[in-house]
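The primary structure of each chain is shown beneath.
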Amino acid sequence: MPVWSIVLLVILVILIALIVTLVILGRRMQKKQEEQQSQIEQYKQSVSMLIIDKKRMRLNESGLPQAVIDQTPKLMRRTKLPIVKAKVGPQLMTLIADEKIFDSIPVKKEVKATVSGIYITAVKGLHGKTESKEPVKKSKFKKWVENLQEKAGAGQVK
């Protein structure tokens with residue numbers, strides 16, 4: 001048997017083993033995520049709060065309790081999380097928002113939020129609209145293209 005066919009056979013076996021391990025790990029992670037989601041649903045409660053500030057921050061810079069920081073995996077400590085500072089009743093709290101709803105949380109407005117522990121899962125506005133979309137900033141390239149189109153007269157209708 002030629003050497004190249006042995007090399008291809010070894011590569012094929014390694015690829016098959018890699019695919020099988022990824023499938024097994026994917027199933028485990030999916031089960032773990034379903035368990036976490038059921039826990040979040042079990043302990044959720046509706047709370048009225050005044051949103052003071054929201055930012056994407058690293059976990060150790062966020063102002064969360066040290067016990068929370070110690071429980072998180074080391075790789076997650078470096079990633080930026082959506083952090084919300086809110087006044088719940090008489091006290092100020094630092095909460096973690098769900099990535100899906102972070103952009104729709106209004107700043108300096110009172111909202112009714114669904115909270116599970118320190119995790120905000122849903123937000124509804126009490127007064128006015130909940131959507132606070134900031135204006136989309138155009139990139140330098142888009143501004144440059146629009147400027148060229150204006151110079152060429154593409155925006156003018158004759």
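Our subject in this report is the structure included herewith. For clarity, every value in this text was computed on a predicted model and none was experimentally measured.

For the rest of this paragraph, the subject is the overall build of the protein. A tally of helices and strands in the protein yields 4 helices and 5 strands. Helices and strands in the protein line up, N terminus first, as α-β-α-α-β-β-β-β-α. Here the analysis covers contacts within the protein between residues at least 6 apart in sequence; of these, 56% occur between residues at least 24 apart. When the accessible surface of the protein is split by element, carbon and sulfur atoms take 60% of a total near 12,800 Å².

The next thing to look at is the pairing of strand β3 (residues 91-97). Strand direction decides the pairing type here: strand β2 (residues 80-88) and β3, joined by 6 bridges, are antiparallel. Along β3, the bridge assignment pairs K85 with T94. Turn length for the β2-β3 hairpin, with the two strands adjacent in sequence and antiparallel, is 2 residues, and the turn residue G89 shows positive phi of about 65 degrees. Pairing analysis gives 2 bridges linking β3 to strand β5 (residues 119-125), with the strands arranged parallel. Bridging from a neighbouring strand, A97 pairs with I120 of β5.

Ranked by size, the top nonpolar core spans 16 residues in total, and within it M49, I51, V84, I105, I120 and V123 carry the most contacts. When contributions to this core are tallied by element, the ones reaching two or more residues are β1 (45-58), β2, β3, β4 (110-116) and β5. With 7 residues, the next largest nonpolar core counts L59, I69, L81 and I83 among its residues.

Here the focus is the packing of aromatic side chains. A complete count under the given rule lists 1 aromatic pair for this structure. A ring pair is formed by F141 and W144, whose centres lie 6.0 Å apart and whose planes are at 35 degrees; its orientation type is tilted. Of the two residues, F141 and W144 both sit in helix α4 (residues 140-152), 3 residues apart, roughly one turn of that helix. Between K54 and the ring centre of F102, over which it is positioned, the NZ or CZ distance is 5.0 Å.

All right, on to the side chain of D98 then. Relative to the assigned elements, D98 resides in the loop between β3 and β4. There is no salt bridge for the buried D98, and the closest opposite charge comes from K100, which lies 4.8 Å off by N-O distance. Setting aside chain neighbours within four positions, we find D98 in contact with Y119, I120 and T121.

The next subject is the sheet that holds β5. Whenever strands of a sheet pair, they do so through backbone hydrogen bonds, lying parallel or antiparallel. Sheet architecture is closed into a barrel: 5 strands sit in the order β1-β2-β3-β5-β4, paired in mixed fashion. Within the sheet, the average angular offset between the axes of one strand and its neighbour, ignoring direction, is 50 degrees.

The subject of this paragraph is unusual backbone geometry. You will see that K108, though not glycine, has its phi angle at about 60 degrees, which is positive. For K108, the location among the structural elements is in the loop between β3 and β4. Residue K108 is classed as exposed on the basis of its relative accessible area of 68%.

Quick notes on the rules
Residues numbered from 1 in each chain as written. Predicted model: local features only at pLDDT ≥ 70, side-chain atom pairs only at ≥ 80, totals over all residues. Heavy atoms only, no water. Helix = DSSP H or I, 4+ residues; strand = E, 2+ residues; numbered from the N terminus. Contact = heavy atoms within 4.5 Å. Areas by Shrake-Rupley, 256 points an atom, 1.4 Å probe, with all protein chains shown as cover. Pairing = 2+ DSSP bridges. Core = buried A, V, L, I, M, F, W, Y, C linked by side-chain atoms within 4.5 Å. Buried < 20%, exposed > 50% of the residue type's maximum accessible area, 1.4 Å probe, protein only. Phe/Tyr/Trp six-rings, centres within 6.5 Å; stacked < 30°, edge-to-face > 60°. Lys NZ or Arg CZ within 6 Å of the ring centre and 35° of its normal. Lys, Arg positive; Asp, Glu negative; His and termini not counted. Salt bridge = Lys/Arg side-chain N within 4 Å of Asp/Glu carboxyl O. Axes fitted to C-alpha atoms, helices over the stretch in contact; angles between N-to-C directions.

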